[in-house]
Each structure stands twice: as C-alpha cells, then as structure tokens.
Amino acid sequence: MDLALSPPADDVSIHTALSDPRRLEAVQRTGLLDSAPEETFDRLTRLASRLTGAPVVFVSLLDRGRDFHMSTALGPGVATPGGSRDQMGRTFCHYVAVSKTPLVIEDATLLPVFRDLPGVKAGRVRAYAGMPLLTEDGDALGTFCALDFAPRHWTEQDIDVLTELGQSALREIRLRIALQQAASINLQLVEQIQRVDELNLRLEELATTDPLTGLRNRRAFDAHMAQELAIVQRRGTALSLLMLDVDHFKRVNDSIGHDGGDRVLQAIAGHMKACARTVDVVARVGGEEFAVILPSTGEAGAHEVGERIRKMVEAGPWPEMPVTISVGTATLVEGEDAERLYGRADAALYAAKQAGRNRVQQA
C-alpha cells in the first residue's frame, strides 16, 4: 500500500502549516511538550511495534521548529537512540501535518520528494507509515508513526493497527487538553473567589469605616461594644468608655469653613489613634463626637488615656485657630448594659463642657 501518490506539500506549505498560530497554541495546550515519558503512550507504541513488526514506532508532537517524540518503541535488536527526544529538520511527519491524512511509503528512495529527507539521505529510513493526530478543529498536533530501515509493504492490518492505536493516543492527548483547560478554569475560579473575598472585605470595611476620618463608624462601634460586653461577662474583666467632643466646633466651622472643620476632625482622629492601643476601638459616632472603647481598663486608666488625648489635641499644632476637646469617661459597673454605659459617659462629657471645656470628667 502506497498513499504517497498525490503531489506532496512544498516547503512553503509545510512552513505555513507548522507556523500556524492556532495549531501551535493547540500543541501548547496539550501540556505535553518536553514532558517526561509516560507509560500511557509507551504502551501504545510498544503494542504497535509488536503487532506490525516495525522496528521503530513513535508518537510525535510538531512544534514550530522540531518534532518532539513523546514516546518511542524500538523493536528487537534496534539500538537505543541518543538521549534527545527532539527531531530537527524536515521529516515525513511534516507532510502529514499539511495533508492531515495518512502517509504510507514503502520505499522513500524511489520518490524524489522524500529521498532528500535527512533520515533517508543518511540511509536510516526507507519505509514510513504515519497517521495524523488532529484536534476537533482539524489542527494537526502531531503523528502516530512507524518506520522501517528497509523497503516494506505495509499491510491493511498494519494500517488498521496504526490507525486504531493512533486514535487511542489522540484520545489521551485530548484528555490532557481537557485537563489543562479544567485546571485553567479552576485557577480562574480560585482567582475570582479571591477577588470576591477581597471585595467583600473591602465592602465590609466601607460599611464599618467613617469615610472622613478612617475611624470606625457608629455601626462598628455598637458591634464592638456588644462583643466587649460579652467578653466582660465571660472573664469578669474591666471595661471603660471615653466620649469626646470638639469644643465650640460651630465656631471652628464658621471661622475656617467646613473644609477646615473636616481637617480638624481628621487631625483629632489621628491624635486619638496615636494614643490608643491595638485592642482599643476608636470611632466617630457623630458629627464632631468620638468614642473610645477601652477593654481591660478601669477608672484610673480611662482617665489617663482621656487626659493624654486631650493634651495632644490641645498642643496641636493648629495653624488656623486653637482647638480643644472635652472628654467624659465611664467604667462599666456590674449589671450595666451598653446603653447605660454610653449614657453615663455622654453625661460625663456634658459635665466637662459645663465645667468649662478642655477637660476630662469622670462619670
């Protein structure tokens, strides 16, 4: 059987076919270029060699400038080739890639086009039978081939064996492509989930953060207060609350404008954060009103923190006009809830303002 009777492809057609971007991308998607030998493919080439008697059977992937032999089976007495699995230069497989049909040659030295191939000129190859491995889109990934060192008549059974085992190799390659695509999709899903998680965290931050000062907002303050009260109930630890208010804030806004007032609030927030511990919760709970939850802190500690913040705010520097704050402190007593604690701290803040402002008043 000799199927090499139709005009074979010329060098330009072969170069165009091998360089086709879609075909090269399909080869890359297999994930098998430069892969280690695998028993899955070795079993197929060994079986083809035994059933056809061909001294060499191989599965090749056709890269742009080389044939990569994924698997090579050698018959009895055939010397093991060198360690390289790359075949360089023009090969029979390139003609298969262009025609996308089987190529069966009984004696390549009798055919002018093939007698100049490197393997033929070197006297190593005389007979060839190769089956194309095509994607579902018709792109040639490579070939399933058999070689002989002497002229050979390929029987119909030989061709059937190479065709069926070639299809088995192709199914395995398509499976690898599907696995590669699944892995890529899984990676994309993981990345999307991570982005969603990051977005959710950001949304949570936005939902619990005061946009002007970067402090916790009233919603976050209430949630943290509930958590701290639960801890107190379990552990019996102390808990204090500071309420702070900017003195004469209307006067500040009238003097330097609302933008200037915003800058004052931002600066005070910075002073509060500088004085707070990692465990403390600093929040903006109203227009010019702030609060600090102080876990594991009694009356003396609360007064000390309040005084530290008051002095830092008073020291400024304030380039436009002096700014001070009034502070009220309250320490949780047994049986007290969040509303009652907040009310006592707020009443202490009011008392500080009534007493002349720029001071710390304990409930």
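Up top is the structure these notes are about.
Summarised in this report is the structure supplied together with it.

Reading the values: the criteria
Residues numbered from 1 in each chain as written. Predicted model: local features only at pLDDT ≥ 70, side-chain atom pairs only at ≥ 80, totals over all residues. Heavy atoms only, no water. Helix = DSSP H or I, 4+ residues; strand = E, 2+ residues; numbered from the N terminus. Buried < 20%, exposed > 50% of the residue type's maximum accessible area, 1.4 Å probe, protein only. Polar contact = N/O pair within 3.5 Å; in protein donor to acceptor, adjacent residues only side chain to side chain. Contact = heavy atoms within 4.5 Å. Phe/Tyr/Trp six-rings, centres within 6.5 Å; stacked < 30°, edge-to-face > 60°. Pairing = 2+ DSSP bridges. Axes fitted to C-alpha atoms, helices over the stretch in contact; angles between N-to-C directions. Parallel < 35°, antiparallel > 145°, perpendicular 65-115°, else oblique. Nonpolar A, V, L, I, M, F, W, Y, C, P; charged D, E, K, R; others polar. Core = buried A, V, L, I, M, F, W, Y, C linked by side-chain atoms within 4.5 Å.

## A look at the side chain of E336
In step 1: Secondary-structure assignment places E336 in the loop between strand 10 (325-331) and helix 11 (338-354).
In step 2: Residue classification places E336 among the buried positions, given a relative accessible area of 11%.
In step 3: A distance of 2.6 Å separates a polar atom in the side chain of E336 from a polar atom in the side chain of R344.
In step 4: Those residues within four positions of E336 in sequence are excluded, and the remaining contacts are T331, L341 and R344.

## With respect to the packing of aromatic side chains
In step 1: Applying the stated criterion across every chain yields a total of 4 aromatic pairs.
In step 2: Residues F92 and Y128 carry aromatic rings whose centres are separated by 4.7 Å and whose planes lie at 15° to one another, so their mutual orientation is stacked. Within this pair, whereas F92 is found in helix 4 (residues 92-99), its partner Y128 is found in strand 5 (residues 127-134), the two being separated by 36 residues in sequence. In this structure, F92 and Y128 share a single accessibility class: buried.

## A short note on unusual backbone geometry
In step 1: In this structure, P317 follows G316 across a cis peptide bond, with omega equal to 5°.
In step 2: Within the element layout of this structure, P317 appears in the loop between helix 10 (299-315) and strand 10.
In step 3: With a phi angle near 60°, K100 is a residue other than glycine that sits in the positive phi range.
In step 4: Here K100 lies in the loop between helix 4 and strand 4 (103-105).
In step 5: Here K100 falls in the partly exposed class, since its relative accessible area comes to 38%.
In step 6: Its identity as a non-glycine residue notwithstanding, S296 has a phi of 55°, on the positive side.
In step 7: Secondary-structure assignment places S296 in the loop between strand 9 (289-295) and helix 10.
In step 8: Note on S296: relative accessible area 53%, which makes it exposed.

## A closer look at the sheet that holds strand 2 (residues 67-74)
Within a sheet, neighbouring strands are paired by backbone hydrogen bonds and run either parallel or antiparallel to one another.
In step 1: Judged by pairing direction, the sheet is antiparallel, and its 6 strands sit side by side in the order 3-2-1-6-5-4 without closing on themselves. A single partner strand is all that each edge strand has here, and the edge strands are strand 3 (86-87) and strand 4.
In step 2: Judged from the 3 bridges that link them, strand 4 and strand 5 form a sheet pairing that is antiparallel. Each residue of the ladder has a partner; that of I105, found in strand 5, is Y128.
In step 3: Here helix 4 sits on the sheet in contact with strand 1 (56-62), strand 2, strand 4, strand 5 and strand 6 (140-148), set at roughly 40° to strand 5.
In step 4: Of the strands in this sheet, strand 1, strand 2, strand 4, strand 5 and strand 6 are in contact with helix 7 (residues 156-208), which crosses strand 5 at around 35°.

## Description of the pairing of strand 1
In step 1: Counting buried positions over the 7 residues of strand 1 gives 7, a clear majority of the element.
In step 2: Every second residue of strand 1 is oriented toward a common face, with V56, F58, S60 and L62 on one face and V57, V59 and L61 on the other, all of them buried.
In step 3: Across 7 bridges, strand 1 lies against strand 2 in antiparallel orientation. When the sheet's bridge partners are listed, V59 is paired in strand 2 with S71.
In step 4: The hairpin turn running from strand 1 into strand 2, its antiparallel successor, is 4 residues long.
In step 5: Two strands pair when backbone bridges link them, and strand 1 and strand 6 are joined in this way by 6 bridges, in the antiparallel orientation. Across the sheet, the residue bridging to F58 is C145, located in strand 6.

## Overview of the packing of helix 3 (residues 39-52) against helix 7
Between two packed helices, both the angle of their axes relative to each other and the distance between the axes serve to describe the pair.
In step 1: Put simply, helix 3 and helix 7 touch, their axes get as near as 10 Å, and they point 175° apart. Judged by the inter-axis angle, helix 3 sits roughly antiparallel to helix 7. Mapping the contact onto sequence places T40, F41, L44, L47, A48, L51 and T52 in helix 3 and Q157, D158, V161, L162, L165, S168, A169, E172, I173 and R176 in helix 7.

## Re the packing of helix 1 (residues 11-19) against helix 4
In step 1: Closest axis-to-axis distance for the helix 1/helix 4 pair is 9 Å, and the angle between their directions is 75°. Here helix 1 lies roughly perpendicular to helix 4, going by the angle between them. Contacts between helix 1 and helix 4 involve S13, I14, A17 and L18 from the first element and H94, Y95, A97 and V98 from the second.
In step 2: Looking at the contact of helix 1 with helix 4 residue by residue, the classes come out as 6 nonpolar, 2 polar and no charged.

## What about the nonpolar core?
In step 1: Ranked by size, the top nonpolar core spans 30 residues in total, and within it L61, M70, L141, F144, W154 and I173 carry the most contacts.
In step 2: Elements with a contribution of two residues or more to this core: helix 2 (21-29), helix 3, strand 1, strand 2, strand 5, strand 6 and helix 7.
In step 3: Ranked by residues supplied to this core, first place goes to helix 7 with 8 residues.
In step 4: Apart from the residues within four sequence positions on either side, I173 is in contact with T30, L32, F41, L61, M70, L133 and L141.
In step 5: Membership of the second largest hydrophobic core comes to 27 residues, among which are V252, V264, V282 and V313.

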